[in-house]
Amino acid sequence: MEKTLVIFKPSAMERGYVGQILTRFQQKGLIIAGMKMMQLDENILREHYAHLVDKSFFPLLLSAMMASPVIVMCLKGKDAVNVVRLMTGATNGREALPGTIRGDFSCSNQENIIHASSSAEDAKAEIKRFFSENEIFDWMPQNLKFTYSSIEME
Ligand code: UDP
Ligand code: MG
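Just so we're clear, the structure is a prediction, and the values are computed from it rather than from any experiment.

Enquirer: Break down the layout of surface pockets for me, with residues and values.
Expert: One water molecule sets the probe size; rolling that probe over the atoms shows where empty space is left. Taken as a whole, the largest pocket encloses approximately 520 Å³ of empty space. Taken together, 24 residues form the lining of the largest pocket, with Lys 9, Tyr 49, His 51, Leu 52 and Thr 91 sitting closest to its centre. Elements represented by at least two residues in the lining of the largest pocket include exactly α3 (42–48), α4 (58–65), β4 (114–116) and α7 (120–130). For the lining of the largest pocket, the element with the most residues is α7, which contributes four residues.

Now the structure itself:
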């Protein structure tokens, strides 16, 4: 099964939405493979947002991501990267569709509640960046046959 990385950004921590958002992921059937709280620093953010370091808004993004501790989470499921991105919605909360996490909890292009890996390749690198191997658990819920059909689990 595929794994993806989610970060509950300071906007989710400060506004108290961690529980509601985690509930959405669990309702969907995603499996928690790893979860911890941490304070991000400039080094890890420069790596994580390497594609944005030259943008004029990067210093603002840095301070927004360091404004409080965050919760990082590894979620597992069939096509988990795409499923979580669809649930996350467009980057800009004002353009994200209602029903998505950003569409329902954000009206900002920066303070947009969560990060979600954007490809399977990114997900692998991001999980390695934020978790050590022994922090990712290889468990499967016992009731998985009520989440997926047998051919979907092949
Ligand atoms: N961001 C921003 N201003 C912008 C574009 C992005 O502050 O004009 C921030 C925003 O918090 C976004 C993060 O930079 O979530 C990463 O940008 P990316 O383009 O990777 O969007 P995402 O994958 O998070 O949708
Ligand atoms: Mg991105």
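Enquirer: How would you summarise the sheet that holds strand β1 (residues 2–8) if you had to cite specific residues and measurements?
Expert: Paired through backbone hydrogen bonds, the strands of a sheet run either parallel or antiparallel to each other. The four strands lie next to each other as β2-β3-β1-β4, forming an open sheet whose pairing is antiparallel. Unpaired on one side and paired on the other, β2 (31–38) and β4 mark the two borders of the sheet. Strand-to-strand twist across the sheet, computed as the mean angle between neighbouring axes with direction ignored, equals 20°. Judged from the seven bridges that link them, β1 and strand β3 (residues 70–77) form a sheet pairing that is antiparallel. For Thr 4, the partnering residue across the bridge sits in β3 and is Leu 75. Most of the contacts of helix α2 (residues 18–28) go to β1, to which it runs at about 165°, and overall it touches β1, β2, β3 and β4. Set on the sheet, helix α5 (residues 80–88) makes contact with β1, β3 and β4; between it and β1 the angle comes to about 30°.

The rules behind the values
Residues numbered from 1 in each chain as written. Chains lettered and ligands numbered in written order. Predicted model: local features only at pLDDT ≥ 70, side-chain atom pairs only at ≥ 80, totals over all residues. Heavy atoms only, no water. 1 Å grid on protein atoms, 1.4 Å probe; cavity = no way out; pocket = protein on both sides within 12 Å on 5 of 7 lines; lining within 4 Å. Points joined across faces, edges and corners; volume = space filled by probe spheres on them. Helix = DSSP H or I, 4+ residues; strand = E, 2+ residues; numbered from the N terminus. Pairing = 2+ DSSP bridges. Axes fitted to C-alpha atoms, helices over the stretch in contact; angles between N-to-C directions. Contact = heavy atoms within 4.5 Å.

These figures come from the coordinates and say nothing about function on their own.
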